[in-house]
Structure formats: structure tokens, C-alpha cells
Amino acid sequence: MALPLTVAAQVNSKESCTSIMVGKRASADGSVITSHTCDGRYRTWMTVESAADHKKGDKHAVRKGTMHTVDKDDTLGVTVAGTIPEAEHTYAYLNTAYPCLNEHQLAIGESTFGGPDTLVNPGSMFLIEELERVALQRCTTAREAIQLIGRLASRYGYADGGECITIADRREVWQMEIIGCGKGQVGAVWVAQRVPDDQVAVSCNIPRIGRLQRDNPAWFMCSDNVEEVARKYGLWDGEGDFVFWKAFNASYAGGKNFREREWFIFNELAPSQGFTMEMDELPFSVKPDSPVDVTDVMRLLRSTYEGTDMDMTQNLKVVVSRKRDDGSTYPDTVVSPVANPWLTGTMQQTLNMIAPGTVKFRRTVSVAWCSYSFVAQLRDWLPDAVGGICWMAVDNPGQSPRVPIFCGTTELPAAFNTCGQKQYAEDAVLWQYRRANKLATVAWQRTKKQHINAVLHHEGKAISGLAALQGDVAACRKAKDSARLLNDYTRQIYDGTVAAWRDLESQYWLMFGMGF
């Protein structure tokens with residue numbers, strides 16, 4: 001019997017990160033949406049890097065080792081892999097572990113798929129996060145970003161395993177999948193496919209792009225060497241149609257282009273399609289049954305499959321005594337108050353040792369080892385400064401509230417300057433939420449309603465204030481005035497959520513005062 005993964009194994013596995021994409025005509029308000037759950041022990045400090053002008057001959061340093069630093073000034077383990085010519089002007093961007101949003105409403109989500117190890121060339125210059133960084137500094141559209149990333153990876157080399165990046169701008173969203181072309185080989189293999197405007201797509205650690213469509217550049221782009229590399233390494237025999245996800249797939253996928261997350265998200269958004277886990281493959285994208293609101297994406301990123309056949313708490317039952325109207329009692333079987341969908345591997349093993357088959361591990365969308373997650377909402381009818389919003393949450397996306405960070409935001413609250421992954425730091429943004437979140441899981445069936453209601457309350461509060469903010473920003477004549485309004489709004493929402501999570505923590509300590 002296969003044992004469930006420990007937390008450490010889960011954190012370090014390639015089953016990390018989820019991205020949901022929504023086309024312009026598939027969304028409820030005309031927004032283009034991409035998203036990312038950064039699942040793993042990555043840095044949680046983040047800053048807004050300013051736009052800058054550069055002198056002719058300046059060089060941009062391409063770094064490795066930036067994903068696990070303590071703060072912006074931490075250089076421990078960081079190396080310079082090489083340099084490239086600097087652009088004359090670089091745009092402001094939100095500097096997260098995987099850089100995610102720039103001042104022109106260009107946003108990038110990410111999901112690792114790994115692929116064959118034989119294709120990885122660690123001596124090359126670019127890791128995926130550095131390609132994202134340069135694209136956000138230099139590009140304003142998804143197409144530009146894809147083309148630039150392709151050129152840089154081809155010229156300077158791609159050092160990472162297989163990655164999917166979901167690139168969105170004000171008008172369209174694309175899925176780009178990239179992998180190396182062999183040990184000692186400088187270059188990359190990549191494909192990119194546009195999500196139809198009236199459809200949604202998802203990426204969850206499995207390549208999803210199928211047949212190449214080089215004769216359709218409005219909807220598809222790719223490198224010239226895709227089939228050549230696949231044949232060279234025995235990933236395709238040259239017979240029949242070439243399918244990218246089949247050639248460059250990873251063992252995690254089990255020979256398909258989906259697992260439970262892709263299936264669950266598509267079924268939630270398009271239940272009329274009748275997708276099943278027994279199918280050989282899922283389509284690249286689907287038309288949702290109803291328009292998708294940004295809050296729908298937030299809800300899906302909270303998913304743990306509770307109430308479905310994949311619910312990991314479904315067998316964790318206890319018998320309680322209920323009262324009838326006449327005062328008599330009767331026994332009732334319910335999910336245990338201490339059952340939660342984020343059980344550690346050790347707890348799963350313990351429960352399964354007591355009663356084999358009690359818990360079957362499922363890779364949920366929301367995981368306890370998430371560092372941060374965002375939903376990027378891009379709106380072309382508004383000025384870039386306020387039109388692009390990165391709805392950011394730190395720690396478990398199933399428990400944490402979202403704070404809006406705008407394209408025009410220039411400064412984040414001080415707590416965002418410090419990562420809390422390597423030490424407990426009360427001034428770090430991670431621990432503003434993690435304390436209450438972890439306590440809540442001790443008796444999740446008791447705390448869940450109150451906790452999720454708090455998430456929804458602050459989510460609604462942040463959204464309801466946007467109309468007034470947008471009007472105030474439109475009235476500003478100077479960028480510094482609009483930046484001040486946006487910074488204040490981000491800080492206001494952040495302060496409100498921090499106060500609420502401190503209150504939840506206090507309430508949970510009172511709840512568990514007599515023991516866990």
C-alpha cells in the first residue's frame with residue numbers, strides 16, 4: 001500500500017501550484033483573469049519594484065537562488081548566472097517569488113510540470129522566475145512576453161524543469177509551456193496557446209497543450225525544435241500526430257493531461273460537459289456554463305473537495321447525541337469536529353494504521369503548504385493603475401483573506417518586507433494569518449463556518465469599495481496622487497484583515513483553552 005506523502009515530501013514534490021485562467025467573454029464583467037497558488041516553502045516577502053531608465057550599455061544581472069531569501073537584501077545562496085543587455089526603460093512590477101504583475105496590466109501565473117529529467121540543463125542561464133521578471137519589466141502584452149521569453153531561452157539557455165506560465169493582459173490570456181532541450185544544450189522547447197475569449201483553462205502541474213498549430217499564429221506559437229528534440233530523446237517516434245503533452249509529460253500525470261484538480265475545476269465551471277476521471281484526456285479549455293466572476297476563481301482556489309467523493313474527511317466520523325422535539329435523544333453520525341482536509345502525512349499514516357483505508361490522499365487545490373496565492377484581474381476599460389488588481393493571499397488559500405494590490409500600487413505595508421518561512425517573525429506578513437489558520441485546523445468542523453465567513457466578509461468589503469476608489473483615482477491629475485490612494489486602499493484592507501485574524505486567533509485560544 002502506498003503511504004501518503006509527508007508534509008516535507010508534499011512541499012518538495014512536483015505536485016505544486018495551480019493556475020486558473022478566464023477569457024474576457026467568459027468572465028462576468030469582461031475582466032481577463034489568471035491566477036497562481038505558489039505551493040511550497042517559497043519566500044513570502046514581496047515588494048513593488050519601481051520603473052527605471054537605464055544607460056546604454058547597462059547590463060541586467062540574471063540571478064539564481066532568489067526563491068528562498070529572507071528579505072530583499074538577503075543574498076545567501078543567490079548567484080549571478082550571467083548578464084544580458086539592459087532595456088532602455090523597465091516597467092514597475094510586483095516582485096513575488098514568481099514575479100506576477102506589472103504596471104501595464106500584464107500578469108503571469110505559474111505551475112511546474114517537471115517533465116523528463118534528461119532535458120534539464122542546469123548550467124543554462126535562465127530559471128523560469130527570471131524569465132517572468134524580465135518579461136514584466138519589458139513587455140505590455142502577453143504576446144510580447146511569450147516572444148521575449150522564447151528568444152531569451154533560445155539564446156541564453158533554459159535551466160529549469162518543465163514549467164507552465166499563464167500569461168494574461170487586458171484583452172487575452174495564454175498558456176505557455178516550456179522545457180529544456182537536453183543536458184549541455186543551450187536553448188529551450190516551448191509552445192504557447194491562447195485561451196479562447198469565451199472559455200476557461202487550468203494548469204495543475206501537467207502539460208495541457210496538445211497538437212501544434214503553426215499555421216494559426218493568432219492562437220498558437222512555438223519554438224522550431226519541438227518535434228526534433230522529442231525524437232532525439234525518444235519521446236516521440238515520428239509517427240502520427242505530434243501531441244506536446246504526451247511527448248513531454250511527467251510521471252505524476254499517469255499518462256493523461258489531467259488529474260483531480262483539472263477535472264474538479266472544469267466540472268465546477270462547466271458541469272454540463274459531464275467530464276469524468278475515467279476519460280483519457282480533457283480539452284485544453286472549456287466554455288463555462290455561466291459567466292465566471294473573480295470571486296468564483298477565489299472560491300475554486302479554496303477548494304478541498306469537501307462534500308464530494310474525493311473528500312479526505314468523509315470517513316472521519318464520530319457519533320453524537322441529538323435531541324428530538326419531545327426531549328428524547330438519538331445517536332447521529334457526523335464528520336468529526338477535528339477532521340480537516342489538510343491532514344499531514346503523519347496524521348494520515350496514523351489514521352490508516354488504526355483503520356486501513358480511512359484516509360485516501362487527494363491533491364486538493366488549497367493546500368496547507370501554500371506560501372502565497374493570487375488572482376489577477378485585468379480590466380481594459382479602466383486606467384492601468386487601478387484596472388489591474390492582484391488579489392493576494394498569504395498562507396493557505398483555503399483560509400486566508402485576499403488583499404488587493406494594484407498595478408499603480410507603489411508601496412506595500414511594512415509586513416510584506418519580511419519572509420516568515422525560516423523563522424517565526426511577528427512582523428512578517430505570513431504570520432499575521434498563519435497563527436489563526438493553523439489553530440482553526442485543530443477543530444476545523446467547528447471553526448470552518450466562522451473562518452470562511454470572515455474570508456468572505458473581507459473579500460466583499462474589498463470589492464465593494466472599488467467603485468468609489470476607481471472614481472477617486474480617475475479624478476487624480478498626478479500619478480503620485482493616484483498611487484497614494486491605491487497604497488492607502490491596500491493598507492486599509494490589509495489592516496482590517498490582520499485585525500480580524502488576530503481576533504480569530506484569540507477566539508480559538510479561548511475555544512481550546514481546556515485542551516485540543
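This one's a predicted model, so the numbers in the text were calculated from it and none came from an experiment.

Participant: What's the story with the overall build of the protein chain in this structure? I'm lost.
Facilitator: Per the secondary structure count, the protein chain includes 13 helices and 21 strands. The globule rule puts the C-alpha radius of gyration for 516 residues at 24 Å, and the 23 Å found for the protein chain is close to it. Taken across its 516 residues, the protein chain has 59% of its residues classed as buried. Within the protein chain, residue pairs in contact and separated by at least 24 positions form 71% of the contacts whose partners lie at least 6 positions apart. If the 55 positive side-chain charges of the protein chain are averaged to one point and the 60 negative ones to another, these points end up 2 Å apart.

Participant: When you look at the pairing of strand 2 (residues 32-39) in this model, what are you seeing that I'm missing?
Facilitator: In the case of a regular strand, side chains alternate between the two sheet surfaces. Counted residue by residue, strand 2 has eight buried out of eight residues, so it is predominantly covered. Burial of strand 2 is two-sided: the residues V32, T34, H36 and C38 facing one way and the residues I33, S35, T37 and D39 facing the other way are all buried. Pairing of strand 2 with strand 19 (residues 370-378), which is carried by eight bridges, proceeds in the antiparallel orientation. Across the sheet, the residue bridging to V32 is L378, located in strand 19.

Participant: So what exactly am I meant to see when it comes to the state of the cysteines here?
Facilitator: In a disulfide, the sulfur atoms of two cysteines are held together by a covalent bond. Applying the stated criterion across every chain yields a total of zero disulfides. Distance from the sulfur of C390, which forms no disulfide, to the nearest cysteine sulfur (C100) is 4.1 Å. C390 sits in the buried class, given a relative accessible area of 1%.

Participant: Sorry, what's going on with the pattern of salt bridges here?
Facilitator: Opposite charge on two side chains permits pairing when their charged atoms draw close. All told, the structure shown has 21 salt bridges when counted by the stated rule. Residue R194 is joined to D197 by a salt bridge in which the shortest nitrogen-to-oxygen separation is 2.9 Å. D197 carries the same exposure label as R194, and that label is buried. The network of salt bridges with shared partners includes R143, E172, R194 and D197.

Participant: Help me out: how do you make sense of the nonpolar core in this one?
Facilitator: One broad trend across soluble globular proteins is that nonpolar side chains are buried collectively. F126, I167, I178, V226, F242 and F248 are the most contacted members of the largest nonpolar core, which has 101 residues in total. Aside from chain neighbours lying at most four places away, what touches I167 is L106, A107, I108, A142, A145, I146, I149, E172, V173, W174 and M176.

Participant: Sorry if this is basic, but what is going on with unusual backbone geometry here?
Facilitator: Excluding glycine, a negative phi dihedral is what most residues carry, and trans is how most peptide bonds are arranged. For N205, which is not glycine, the phi dihedral falls at a positive 70°. Its location among the elements puts N205 in the loop between strand 14 (200-203) and strand 15 (220-222).

Participant: Sorry if this is basic, but what is going on with the packing of aromatic side chains here?
Facilitator: Working definition: an aromatic ring pair is given by the centre-to-centre distance plus the angle between the planes. Inspection of every chain in the model, using the stated rule, returns 14 aromatic pairs. Measuring from ring centre to ring centre gives 5.5 Å for F512 and F516, while their planes differ by 55°; the resulting arrangement is tilted. Judged by relative accessible area, which is 5%, F512 ranks as buried. On the basis of relative accessible area, F516 is assigned to the exposed category, the value being 62%.

Participant: Can you walk me through helix 2 (residues 128-138) in this structure?
Facilitator: Because the α-helix completes a turn every 3.6 residues, residues three or four places apart line up on one side. Of all 11 residues making up helix 2, 10 are buried, and the element is well covered by its neighbours. Residues of helix 2 that are buried: I128, E129, E130, L131, E132, R133, V134, A135, L136 and Q137.

Participant: Is there a simple way to think about the confidence of the model for the protein chain in this case?
Facilitator: As a note on interpretation, predicted positions should not be read in detail where pLDDT is low. Looking at the protein chain as a whole, the pLDDT averages 95, with 97% of positions reaching at least 70. Every residue in residues 1-12 is under pLDDT 50, and counting partners more than four places away or in other chains gives 19 contacts.

Participant: Can you help me understand the environment of L212 in this one?
Facilitator: Assignment of secondary structure puts L212 in the loop between strand 14 and strand 15. Sequence separation between L212 and F242 is 30 residues; the distance between their C-alpha atoms is 7.2 Å. Beyond its immediate sequence surroundings of up to four residues, L212 is in contact with V191, F220, V226, E227 and F242.

Participant: Would you take a moment to explain the pairing of strand 1 (residues 19-22) for this structure?
Facilitator: Burial along strand 1 is two-sided: the face carrying S19 and M21 and the face carrying I20 and V22 are both buried. As judged from the four bridges shared by strand 1 and strand 14, these two strands associate in the antiparallel manner. If you follow M21 over to strand 14, its bridge partner there is A201.

Participant: Would you mind showing me how to read the packing of helix 10 (residues 429-441) against helix 11 (residues 444-464) here?
Facilitator: In a pair of packed helices, the angle between the axes and the distance between the axes together describe the arrangement. Between helix 10 and helix 11, whose axes approach to 7 Å, the crossing angle comes to 135°. Relative to helix 11, helix 10 is oriented oblique. Two secondary-structure elements touch here, helix 10 through A436, N437, A440 and T441 and helix 11 through W444, T447 and H451. Of the residues in the contact of helix 10 with helix 11, the class split is three nonpolar, four polar and no charged.

Participant: Help me out: how do you make sense of the side chain of T418 in this one?
Facilitator: As for its placement among the helices and strands, T418 is situated in the loop between strand 21 (403-406) and helix 10. Judged by relative accessible area, T418 falls into the buried class, the value being 18%. With near-sequence residues (within four places) excluded, T418 lies in contact with T44, W45, V70, D427, A428 and V429.

Participant: Got a minute to help me understand the environment of W501 in this structure?
Facilitator: Take W501: it is sitting in helix 13 (residues 479-511). For the pair W501 and Y433, spaced 68 residues apart in the sequence, the C-alpha separation amounts to 6.1 Å. In this structure, W501 is in contact with Q399, S400, P401, Q432, Y433, A436, N437, H451, A454, V455 and H458, ignoring residues within four places of it in sequence.

Participant: Is there a simple way to explain the side chain of N249 in this structure?
Facilitator: The topology assignment puts N249 in the loop between helix 5 (244-247) and helix 6 (260-269). Residue N249 is classed as buried on the basis of its relative accessible area, which comes to 15%. A distance of 2.8 Å separates a polar atom in the side chain of N249 from the backbone oxygen of K256. Those residues within four positions of N249 in sequence are excluded, and the remaining contacts are G115, P116, I206, P207, G255 and K256.

About the thresholds
- Residues numbered from 1 in each chain as written.
- Predicted model: local features only at pLDDT ≥ 70, side-chain atom pairs only at ≥ 80, totals over all residues.
- Heavy atoms only, no water.
- Helix = DSSP H or I, 4+ residues; strand = E, 2+ residues; numbered from the N terminus.
- Rg over C-alpha atoms; globule rule 2.2 N^0.38 Å.
- Buried < 20%, exposed > 50% of the residue type's maximum accessible area, 1.4 Å probe, protein only.
- Contact = heavy atoms within 4.5 Å.
- Lys, Arg positive; Asp, Glu negative; His and termini not counted.
- Charge placed at Lys NZ, Arg CZ, Asp CG, Glu CD.
- Pairing = 2+ DSSP bridges.
- Disulfide = S-S within 2.5 Å.
- Salt bridge = Lys/Arg side-chain N within 4 Å of Asp/Glu carboxyl O.
- Core = buried A, V, L, I, M, F, W, Y, C linked by side-chain atoms within 4.5 Å.
- Phe/Tyr/Trp six-rings, centres within 6.5 Å; stacked < 30°, edge-to-face > 60°.
- pLDDT = per-residue confidence, 0-100.
- Axes fitted to C-alpha atoms, helices over the stretch in contact; angles between N-to-C directions.
- Parallel < 35°, antiparallel > 145°, perpendicular 65-115°, else oblique.
- Nonpolar A, V, L, I, M, F, W, Y, C, P; charged D, E, K, R; others polar.
- Polar contact = N/O pair within 3.5 Å; in protein donor to acceptor, adjacent residues only side chain to side chain.

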